[in-house]
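Geometric and topological summary
Residue strings, one per chain:
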Amino acid sequence: RGADLAVTWGVVENYKKDSVRFGAELTLENKGTVALGKRGWILYFNYVNTVLPDSLPAGVKISRVNGDLAKLEPTDAFTPLDPGKTLVIPFDAEFFAIKESDAPLGYYIVFTDDRGQATPPEPLGKASIKPFTNEKQTTRVPIDVIPVPTAQTRFDENKALKQLPPAEVSPLVPTPVLMQAQTGQFSLTSAVTIHHGAGLEREAGFLAASLEKLLGAKPGVVAGAAPQGTASISLTTGSITVGGQAKQSGDAAYKLTISPAQGVSIVGSDVTGVFHAIQSLRALAPVAAYQSAQATLAFDAVTIEDAPRFAYRGMLIDVARHFQTKEEILKVLDVMSFYKLNKFHFHLTDDEGFRLEVKGLPELTEVGSRRGHTLDSRDFLQPAFGFGPDPAAKDNVGSGHYTRADFIEILKYASERHIEVIPELDLPGHARAAIKSMLARHAKRMAANDAAGAKEFLLTDLEDKSTYVTPQFWNDNVVNPCLDSTYKFINTVIDEIVAMYKEAGAPLQSIHTGGDEVPSGVWVESPACKALIAKAPGDGIESADDLSGHFLREYSKILTAHQLITAGWEEIGLKKVKVGDKVEKQPNPVFANSGFRTFVWNNIWGTGEEGNAYELANAGYTVVLSNATNLYFDFAYDKHPLEPGAYWGGFVDTRKPFEFVPLDIYKNAEKDQFGNPVNPALIANAAKLTPEGAKRILGIQGQLWAETVGSQALLEHYVFPKLLGLAERAWAPDPAWASEPDAAKRATQVGEAWSRFANTLGQRDLPRLDHLSGG
Ligand code: NAG
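Residues numbered from 1 in each chain as written. Predicted model: local features only at pLDDT ≥ 70, side-chain atom pairs only at ≥ 80, totals over all residues. Heavy atoms only, no water.

**Let's talk about the overall build of the protein**
Under the convention used in this document: Here a strand is any run of E in DSSP of at least two residues, a helix any run of H or I of at least four, and the numbering for each starts at the N terminus. Radius of gyration means the value over C-alpha atoms here, while the globule rule gives 2.2 Å times the residue count to the 0.38 power. Buried, partly exposed and exposed residues are distinguished by accessible area as a fraction of the type maximum, computed with a 1.4 Å probe on protein chains only: under 20%, between the cut-offs, and over 50%, respectively. Contacts are assigned to residue pairs that have any heavy atoms within 4.5 Å of one another. For the area figures, the Shrake-Rupley method with a 1.4 Å probe applies, and any residue is considered shielded solely by the protein chains shown. His residues and chain termini do not enter the charge count, which takes Lys and Arg as positive and Asp and Glu as negative. For this purpose, a charge sits on NZ of Lys, CZ of Arg, CG of Asp or CD of Glu.
Of the regular secondary structure elements, the protein holds 21 helices and 30 strands. Here the C-alpha radius of gyration of the protein, 28 Å, is about what a compact globule of 775 residues would show, namely 28 Å. Taken over 775 residues, the protein has a buried fraction of 56%. In the protein, the proportion of contacts linking residues at least 24 apart, taken out of those at least 6 apart, comes to 76%. Carbon and sulfur atoms form 54% of the exposed surface of the protein, whose accessible area is close to 31000 Å². In the protein, 76 positive and 93 negative side-chain charges are present, and the distance between their average locations comes to 1 Å.

Here is the structure:
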């Protein structure tokens, strides 16, 4: 039985046979009393690496089902595995594997009974991983010179940081524009009243509630101007200057003064500015009060003038690959707002899950938000990333969704914290969950003899014989752009999203359309698309190459009808162009200056894509920098085999976002993902930002993709404290070191800046991070 089997995965060596493939092995041990037979069983597991079939020994076959679901089956040459016996299966797979988080997950076995029927899936008794101990296991390719950190190297690295006495530690992350210490202290107790101007009730209430946590008692809140002569907290909006520059409503700027006699005075250029000042005030409180309340909070007297550098300061959380609860999302919002991030990019849909209840389309969550063992079930999606095979299992974080009420609560919570939630409905690729849900709906209607109704929201052409494979190895995850039903689906979902925002009273400026990683080969064999192309020159669609543009235009029309900005991954602004015998991606002039907002993520040296962000900005697209190399928080902190995460574009620790230079991304990026110096010619030739282009850099965003984020604890591990480096770069003025041309000098300056930042993190932020939720 499944419970009698134990499996171990291990990597033998990377760069096997002088190529980018690695040697691994699976060891199967039979701890039971019955032999594992010659046939009649299939072992399933989630494993993203492609196993090379010719590397397998006789007797077994490992193949990909779809996506990351793989299966191991006996062939005719299989020798039954007797009780007490062990079978070692060596194999080679594509690329490399240097981490425990690369291991296969979620093993389960399906037996065939005497009548030839598959029996319910049974999880294996035990799954383990052979530790990575030698260099061949942890070196991706010969040029990989990044060392595996050890306790000693980490210690040495931290020792190089200069420890500062508390008095010299900057108290505030992100760093304000101006901060001047004044003499004396102000003692805040719950007897001090909060006075607020018109339109600031909510902010005053928020401040009172957060102070209650620190003081153990709630200060009073009174509308109107603060009385002269008594120390109080005063919240108003009005005209202010920041560093000598006048700030207007809409600038989210503030002035915060703390003085021994007057108490706290906050003037915002607008309500959001007041809110930011409140967060600064909270951050200036003694850290110990976060751990246990203090009746009196001593604040050092200070004057702060502050305004954000970028209007867009974002964080993406992917809840499709693994689900995260509403409570966890609220916690993320608390921390984001504490650090003055203002855009929450909610990646709600992907191949492995559709997480939002949509009225009128119940299948989206009934089918699309659940996982279980299936090869072609209409009830749920297949297991992914180790979650499955039982859709009802309590720990199946592959399953889950937000109800309308949950979503509205999240929207309200975010807007109370001056965060705009940007929902992503990722299309046309990365859409398998929606596709399968609509196929389930189709099947249900067909069974009810409703052929017309069956097709109403269908996302795929049932006659489409095109074949393709995506970077995540799906062969069925792209919606068809040539069907009316596709647009009816999008319309319905968008209408419903807009309605939920209205109900929540939350702002919605843009919807993220996704648009990433549409594989080549899609739609070419779709009769519906052939028919659309035959109607040429209608809509400028002459070949399958024009269909992506057609889809985007139609999707964007739907958004424009709701006065929404069309946002998407960089792919929405790029088109493939043949240059000589190579295919290059260049900014697509068709959508330039259309107001499209592109989120640029590919900037890996040597791919030819490193200049995408600036090319798009220069060409007229608005850009949010989402650079994988510095802002993909799902990347592992470092190369240690036990440090989980992806590393296809390098490693990302807290310093990576901190040392990111948004307006010159090639700075502090002089080494590639394997730790080698980048050819200076490559850097010199990479696209530079024009002054016009620079105005189109709206901001920066951290991304947490969730393939390896199977728990709340892991979410927090990846996001905190990396998010603090992000906040610093998104908000604080451009540091002087960013414009230092000499790389060596800059390295020293960045090192010093990082040392100071690390002191703030170590002494103030890290001890407080656990206590920020509910704030
Ligand atoms: C990319 C995919 C994303 C995936 C991530 C993992 C984008 C825009 N697309 O391949 O779905 O989760 O990388 O790091 O990032």
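From this point, the narrative continues.
**Concerning the domain arrangement of the protein**
By a frequent convention, interface size equals the accessible area lost on bringing the separate parts together. Formally: These domain boundaries are the output of an automatic or database domain assignment. Computed with a 1.4 Å rolling probe, the buried area is the accessible surface lost when two parts are put together, summed over both parts. In the sections that follow, a salt bridge refers to a side-chain nitrogen of Lys or Arg positioned within 4 Å of a carboxyl oxygen of Asp or Glu. Any N or O atom pair separated by 3.5 Å or less is treated as a polar contact, with the protein-specific requirement of one donor-capable and one acceptor-capable atom, and with residues adjacent in sequence counted only for side-chain atom pairs. We call Asp, Glu, Lys and Arg charged. Ala, Val, Leu, Ile, Met, Phe, Trp, Tyr, Cys and Pro are nonpolar, and the rest, Gly among them, are polar.
Partitioning the protein into domains gives domain 1 (2-144), domain 2 (178-306) and domain 3 (312-769). At the boundary of domain 2 with domain 3, total buried surface from both sides reaches about 1400 Å², with 57% on carbon and sulfur atoms. In terms of surface lost to domain 3, no three residues of domain 2 exceed Arg202, His276 and Val287, which account for 33% of the buried area on that side. Applying the counting criterion to the domain 2 and domain 3 interface returns zero salt bridges. Our count for the domain 2 to domain 3 interface comes out at ten residue pairs in polar contact (both at pLDDT 80 or more). It is helix α4 (residues 271-284) that contributes the most residues to the side of domain 2 that touches domain 3, nine residues altogether. In terms of residue class, the side of domain 2 that touches domain 3 is built from ten nonpolar, five polar and four charged.

**Re the pattern of salt bridges**
Inspection of the entire model under this criterion finds 38 salt bridges. Across the salt bridge formed by Arg321 and Asp318, the nearest N and O atoms sit 3.0 Å from each other. Its relative accessible area of 2% is what places Arg321 among the buried residues. Measuring nitrogen to oxygen at the nearest pair gives 2.9 Å for the salt bridge that ties Lys326 to Glu409. Of this pair, Lys326 sits in helix α6 (residues 326-338) while Glu409 sits in helix α8 (residues 404-416), and the two are 83 residues apart along the sequence. Residues participating in the shared-partner salt-bridge network are Asp318, Arg321, Asp350, Glu352 and Glu707.

**As for the site of the ligand**
As a reminder of what qualifies: The rule for a residue being near a molecule or strand is that one of its heavy atoms must lie within 4 Å of it.
Taken together, Arg321, His430, Gln472, Asp516, Glu517, Trp569, Trp601, Tyr632, Asp634, Trp648, Trp705 and Glu707 make up the full set of residues near the ligand. Within the side chain of Gln472, one N or O atom sits 3.2 Å away from an oxygen atom of the ligand. Out of a free accessible area of 370 Å², the ligand has 95% covered by protein chains. The class makeup of the residues in the shell around the ligand is five nonpolar, two polar and five charged.

**Some remarks on the pairing of strand β29 (residues 622-625)**
What counts here: Any two strands between which DSSP finds at least two bridges are classified as paired. Handedness of a crossover is defined as follows: with both strands directed away from the viewer, a clockwise route from the first strand across the helix to the second makes it right-handed.
Residues Thr622 and Val624 line one face of β29 and the alternating positions Val623 and Leu625 line the opposite face, and both faces are buried. Here strand β28 (residues 597-600) runs beside β29; their pairing, made up of four bridges, is parallel. Bridge pairing in β29 links Val600 to Leu625. Regarding the hand of the β-α-β motif, the stretch spanning β28, helix α14 (residues 612-618) and β29 is right-handed. Of the pairings in the sheet, the one linking β29 to strand β30 (residues 697-704) comprises three bridges and is parallel in character. Each residue of the ladder has a partner; that of Leu625, found in β30, is Ile700.

**A short note on the packing of α6 against helix α19 (residues 712-719)**
When two helices pack together, their arrangement is captured by the angle between the axes and the distance separating the axes. The cut-off we apply is this: Orientation is described by lines fitted to C-alpha atoms, with helices fitted over the stretch in contact, and by angles between N-to-C directions that extend from 0 to 180 degrees. An angle counts as roughly parallel when it lies under 35 degrees, as roughly antiparallel when it exceeds 145, as roughly perpendicular when it falls between 65 and 115, and as oblique in every other case. A clockwise turn of the near helix away from the far one marks a right-handed crossing, whereas an anticlockwise turn of less than a right angle marks a left-handed crossing.
Running from N to C, α6 and α19 cross one another at 20°; their axes reach a closest spacing of 11 Å. Put simply, α6 runs roughly parallel to α19. In this structure, the crossing between α6 and α19 has a hand that is right-handed. Counting all contacts with α6, which are made through Glu328, Lys331 and Val332, the residues of α19 involved are Gln712, Leu715 and Glu716.

**Points about the side chain of Thr27**
Among the secondary structure elements, Thr27 is positioned in strand β2 (residues 21-30). Note on Thr27: relative accessible area 13%, which makes it buried. Not counting residues up to four positions away in its chain, the partners in contact with Thr27 are Ala6, Val7, Thr8, Thr86, Leu87 and Val88.

**So, the sheet that holds strand β17 (residues 263-268)**
Picture the strands of a sheet paired through backbone hydrogen bonds; they go either parallel or antiparallel. The strand order across the open sheet built from seven strands is β10-β18-β16-β17-β13-β11-β12, with neighbouring strands paired in mixed fashion. Both edges of this open sheet fall to β10 (178-188) and β12 (221-223), since each of them pairs with a single strand only. With direction set aside, neighbouring strand axes in the sheet form an average angle of 20°. When strand β16 (residues 254-259) meets β17, the two strands line up antiparallel, connected through six bridges. Bridging across to β17, Thr257 finds its partner in Ser265. Helix-sheet contacts for helix α3 (residues 201-215) involve β10, β11 (194-196), β12, β13 (232-237) and β18 (297-306), and the interaxial angle to β11 is about 170°.

**Section: the packing of aromatic side chains**
Test applied: In this scheme Phe, Tyr and Trp rings, the latter by its six-membered ring, pair at centre separations within 6.5 Å, and the angle between planes marks the pair as stacked below 30 degrees, edge-to-face above 60, and tilted otherwise. By the criterion adopted, a ring carries a charge over it if an Arg CZ or a Lys NZ lies within 6 Å of its centre and within 35 degrees of its normal.
All told, the structure shown has 36 aromatic pairs when counted by the stated rule. Aromatic side chains Tyr290 and Phe338 sit 6.4 Å apart centroid to centroid with 85° between the ring planes, which places their arrangement in the edge-to-face category. Taken together, the residues Tyr290 in helix α5 (residues 288-291) and Phe338 in helix α6 connect sequence positions 48 residues apart. Considered together, Tyr290 and Phe338 belong to a single accessibility category, that of buried residues. An aromatic cluster of at least three residues, connected via ring pairs, comprises Tyr312, Trp569, Phe599, Trp601, Tyr632, Phe635, Trp648 and Trp705. Sitting over the ring of Phe473, Arg64 keeps its end group 3.7 Å from the ring centre. Sitting above the plane of the Tyr290 ring, Arg768 keeps its charged end 5.4 Å from the centroid.

**Quick word on the packing of helix α11 (residues 484-504) against helix α13 (residues 547-561)**
Between α11 and α13, the shortest axis-to-axis distance is 10 Å and the interhelical angle comes to 35°. The two elements α11 and α13 cross, and the hand of that crossing is right-handed. Where α11 approaches α13, its residues Thr486, Tyr487, Ile490, Asn491 and Ile494 are matched on the opposing element by His550, Phe551, Glu554, Tyr555, Ile558 and Leu559. Its residues assigned to classes, the contact of α11 with α13 shows seven nonpolar, three polar and one charged.

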